[in-house]
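# A structural walkthrough
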Amino acid sequence: KQVILLDALKREVGFSEITAFIQMISTIKQLKKKYPNLIVHTHSTKAGYLGRWAAWFAGVKQRVHTVHGFGFHEHQSLLGYIVAYLLELLTNIITSHYVCVSSKDVATGVRVLPFFSKKYSLIRAAIDEQRFIPAQITKMPSEHFIFGTVACFKKQKNIFDLLDAFSYAYSKNQSIRLEIIGDGFLRPKIEQWIKRHNLTEHITLHGWQSQVSTIMQGWHAFVLSSLWEGLPCAVVEARFLKLPVITYNVGGISDIISHGNNGLLYNPLDKKGLAEGMLTLSQDKNLYNALHNHQEDLKPFTTAQMIKDHTTLYQSL
């Protein structure tokens, strides 16, 4: 494989997009000369817009985009929503095929984008399942019950709801602990919150980790308080580890988490429900064992299946 990095393409929105767009067109044209049947496949919102249009200007016929949650959603400002939707609506015209990782994205695409129903596939985002082998935790812990999450510290992940929920649950059950893998610009405020609530000894911030599986194997349950998602891989990883999942029911999470079977689902922003779920799970041995031992079909999330599904798609194009 060959990796080409475009320095001009940054996460932040700015004038660098013009330079990045020109670089994309030039790079794709060069690749098309070497590979006449080139397929351009984009991911993420901004790179998805730029990449598909760059491929169109470069003369590439097949332009595929994977939706990990659409760029327009209810938690944006009205202007932000309109801009993101109109950009996707326009780019939809030159998109050959969409790949969705969740049924929620499929339903949204069919509802709001013309011809979407005739040009999409549902292909799950795979994880490295060989790293996520269940730890030998077969019963409730005698000392500490550890909740954990994996999340970047930004608005989408809504960490403060999780902290509030844990604080309430801890006030009722001092044996629980919370561990967070991740980092971001909100870390100083999160650290201040933890210190202000005297939970420094009970909440661990691991920062970014290259091998999250080794830490997650020491957890008893996974908890997530995101406001919006596509279908987060961390939830899939948690279920490969047989961790019960407590989460807000957003995006495609309900594709894998079934309330009362392998996790507990709550409405977005219902942090009281989240807290009650954490408290109940940490004290109810029968519920914990039932959720822990639930058997679901995770084959669609394996690397081999994802490669097979993408290969079939590319061959059909």
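To keep things clear, this report deals only with the structure shown in the data block. (Residues numbered from 1 in each chain as written. Predicted model: local features only at pLDDT ≥ 70, side-chain atom pairs only at ≥ 80, totals over all residues. Heavy atoms only, no water.)

Sheet strands line up and pair through hydrogen bonds in the backbone, either parallel or antiparallel. Pairing within the open sheet is parallel, and its six strands lie in the order β7-β6-β5-β8-β9-β10. Across the chains shown, the open sheet's two edge strands, defined by having one partner strand only, are β7 (203–207) and β10 (263–266). The sheet shows a mean angle of 20° between the axes of neighbouring strands, direction not considered. In this structure, strand β8 (residues 221–224) lies alongside strand β9 (residues 245–248), joined through three bridges in parallel fashion. (Pairing = 2+ DSSP bridges. Helix = DSSP H or I, 4+ residues; strand = E, 2+ residues; numbered from the N terminus. Axes fitted to C-alpha atoms, helices over the stretch in contact; angles between N-to-C directions.)

Considering the arrangement of structural elements, one finds Q209 in the loop between β7 and α7 (212–216). Put simply, Q209 and I18 are 191 residues apart on the chain and 33 Å apart in space, counted from C-alpha to C-alpha. When sequence neighbours within four positions are dropped, the list of residues in contact with Q209 reads I181 and I215. (Contact = heavy atoms within 4.5 Å.)

Okay, the sheet that holds strand β2 (residues 62–67) next. Pairing in this open sheet of four strands is parallel, and the strands run β1-β2-β3-β4 from one edge to the other. Each edge of the sheet is formed by a strand with only one pairing partner; in this case those strands are β1 (39–43) and β4 (120–122). Strand-to-strand twist of the sheet, defined as the mean angle between neighbouring strand axes without regard to direction, takes the value 20°. Direction of pairing for strand β3 (residues 97–100) relative to β4: parallel, over a ladder of three bridges. Each bridged residue has a counterpart across the sheet, and for Y98 the counterpart in β4 is Y120.

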